[in-house]
Amino acid sequence: MRRKSMVFFMGIVLILGMVLSACSSSSSEKSSGTSEGSASGAPQELTYAMTSKIVGLSPIMTNDSVSTAAINQIYETLFTKDPKTLEIKPLLAASYDTPDDKTWVIHLKKNIKFTDGTPFDAEAVKYTFDKLRDPKTGAPRASLLAPVASVTVKDKYTVVIKTKEPYGAMLAALAHENAAIVSPTADKKQDLMKKPVGTGPFMLKEWVAGDHLTLVRNPSYWQGKAKLKQVTFKVVPDVNTAISMLQTGQVDFIDGIPSSQWDRVNRLKGIKTMKKAGTAVAYLGFNVRREPMKNLAFRQAVAYAIDRKAYVKQLEGLGIQSNSIIGPKVFGYDKSAEAGGYSYNPKKAKQMLKENGWEGKTIEMLVANTENYMKMGQIVQDQLQKVGLKVKMDTMEWGTFLDVSRKGNFDITFLSWSNSTADGSELLYPNLHSDNIGSSNVTGYNNAKFNKLVEESRASTDQNYRKQKLDEANKLAIKDAPWVIMDHGVVTAAYKDSIKGLTIDPTGLWSLYKVYKE
């Protein structure tokens, strides 16, 4: 039996290649606060402004970045990612063994409790993972544990996970926010989407859906009380208003800043900004279950019609142009993939549409009403109409958009994927493998050769082999074009200069546990 290192590397290439772009201010400030507040006596309360509503507060039943921001403060995973290097290390787990390539023995930390007072133990882990895997649950990210054959309790603080095949991304999956451990007792008696119970540094005080969510620190948190006493997630639908509130001190922290507002935010007095290359990818997706989107020639014509270079240029440094579905900061990326894809050629797009009888065709474009998606929609709508298509744009708020897109009620749409695992298998499998049609594979893409390559990338612990298979799958999907990549993301944030200890990782995730006000 081999005892694994306490720190697991998600692929040598990923870690060695992790070069973060410069921040306008340091994102690793040293904290001097105490658990009861800073030496200056500043109130230890923080308000974060978000432009979309939280969908729910269960890690099992959600899969959107807005909900995850809150969930990440309430719940915890067995493993976690270092915010700077993305190295995976134990959190609720103490260590792990792999006696063979299909067995993971997870040893848990002891004397940890959920905020309802019940113990965190092996039974809680088994309960969580079994529910996440159960098809009856309908969990959006059940794919994380799809390779798992069984989860058994060896003793109170030991869980044994057996997989159907070797699973190279196992620890990355166990570090994913949707694999956070829930209280079995709470889940059986209440709706965790509304009344969350985790082991994290914060717990729910109040949630007024569509307006605000208030968390207070967990007084019995196993790593010691958080420095902040209270955190409020405030819904501010208009980003201009959110920035004005940051300027006037009504909010302390915003993230995901649109490129159109970046210069304005950087000029604000008393405000620090943060910017770094990220793992997220934004894309135009085709509903390949419908005509004419199921036709490769149509998808190619649309791809040729979009000037993605111009789109990224107007992002003014807050996006990275790429033809590759797997981005430069994600394990499995190979620069050679950039040679694929379909470069801007409106003349060819017009010709293909005319030759196939699609000239004048009306298509339905589904767009979430956030600034970034609206900008994508408006630019693409204009460019597609210039090559002979009629585009009807249907906009809706974030929660409704997620429901409609998962049901496949669109022709083309825009989505993004944060790549929280920073592993290409956990990008391609949930989004483009046929196993996940009806959940996270919103385009309905189904290609047997692609499926096999992705499965091979997951069913191995040989990182070089995995990278090879991911590269092959990536290039196949680029050619097949169920997605047209709009850009790879840049993580941004702005916060009052009195805020200390805030770090954001390349996936866009952050924890408020060590944050305090000076």
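Everything that follows concerns the structure shown earlier in this document.
Parameters at a glance
Residues numbered from 1 in each chain as written. Predicted model: local features only at pLDDT ≥ 70, side-chain atom pairs only at ≥ 80, totals over all residues. Heavy atoms only, no water. 1 Å grid on protein atoms, 1.4 Å probe; cavity = no way out; pocket = protein on both sides within 12 Å on 5 of 7 lines; lining within 4 Å. Points joined across faces, edges and corners; volume = space filled by probe spheres on them. Helix = DSSP H or I, 4+ residues; strand = E, 2+ residues; numbered from the N terminus. Nonpolar A, V, L, I, M, F, W, Y, C, P; charged D, E, K, R; others polar. Pairing = 2+ DSSP bridges. Axes fitted to C-alpha atoms, helices over the stretch in contact; angles between N-to-C directions. Salt bridge = Lys/Arg side-chain N within 4 Å of Asp/Glu carboxyl O. Buried < 20%, exposed > 50% of the residue type's maximum accessible area, 1.4 Å probe, protein only. Contact = heavy atoms within 4.5 Å.

Things to note about empty space enclosed by the protein
Gaps left between atoms are located by rolling a probe of water-molecule size over the structure's atoms.
Item 1. All chains considered together, the criterion is met by two cavities of 30 Å³ or more.
Item 2. The calculated volume of the largest cavity comes to roughly 80 Å³.
Item 3. With three residues, strand 17 (residues 483–496) is the single largest residue contributor to the lining of the largest cavity.
Item 4. A breakdown of the residues in the lining of the largest cavity according to their chemical character gives eight nonpolar, two polar and one charged.

Remarks on the sheet that holds strand 6 (residues 148–155)
Strand pairing within a sheet occurs via backbone hydrogen bonds; the two strands may be parallel or antiparallel.
Item 1. Strand order in the open sheet made by the four strands is 4-5-7-6, with antiparallel pairing throughout. Each edge of the sheet is formed by a strand with only one pairing partner; in this case those strands are strand 4 (93–100) and strand 6. On average, adjacent strands in this sheet sit at an angle of 20 degrees to one another, irrespective of strand direction.
Item 2. As defined by bridge partners, strand 5 (residues 103–108) adjoins strand 7 (residues 158–163) across five bridges and the pair is classed as antiparallel.

Considering the pattern of salt bridges
Item 1. Overall, the coordinates contain 21 salt bridges when judged by the stated rule.
Item 2. A salt bridge links D121 to K156, with the shortest nitrogen-to-oxygen separation between them at 3.5 Å. Of this pair, D121 sits in the loop between strand 5 and helix 3 (122–133) while K156 is found in the loop between strand 6 and strand 7, placing the two residues 35 residues apart along the sequence.
Item 3. For D121, a relative accessible area of 10% gives the class buried.
Item 4. Among the residues examined, K156 registers a relative accessible area of 45% and is labelled partly exposed.
Item 5. Across the pair D252 and K517 runs a salt bridge whose closest N-O atoms are separated by 3.2 Å. Residue D252 is found in the loop between helix 6 (239–248) and strand 11 (253–255), and its partner K517 is found in strand 19 (residues 516–517); the two are separated by 265 residues along the sequence.

Side note on the environment of P292
Item 1. Topologically, P292 is positioned in the loop between strand 12 (271–286) and helix 8 (296–305).
Item 2. Residue contacts for P292: discarding those within four places in its chain leaves F298, W358 and K361.

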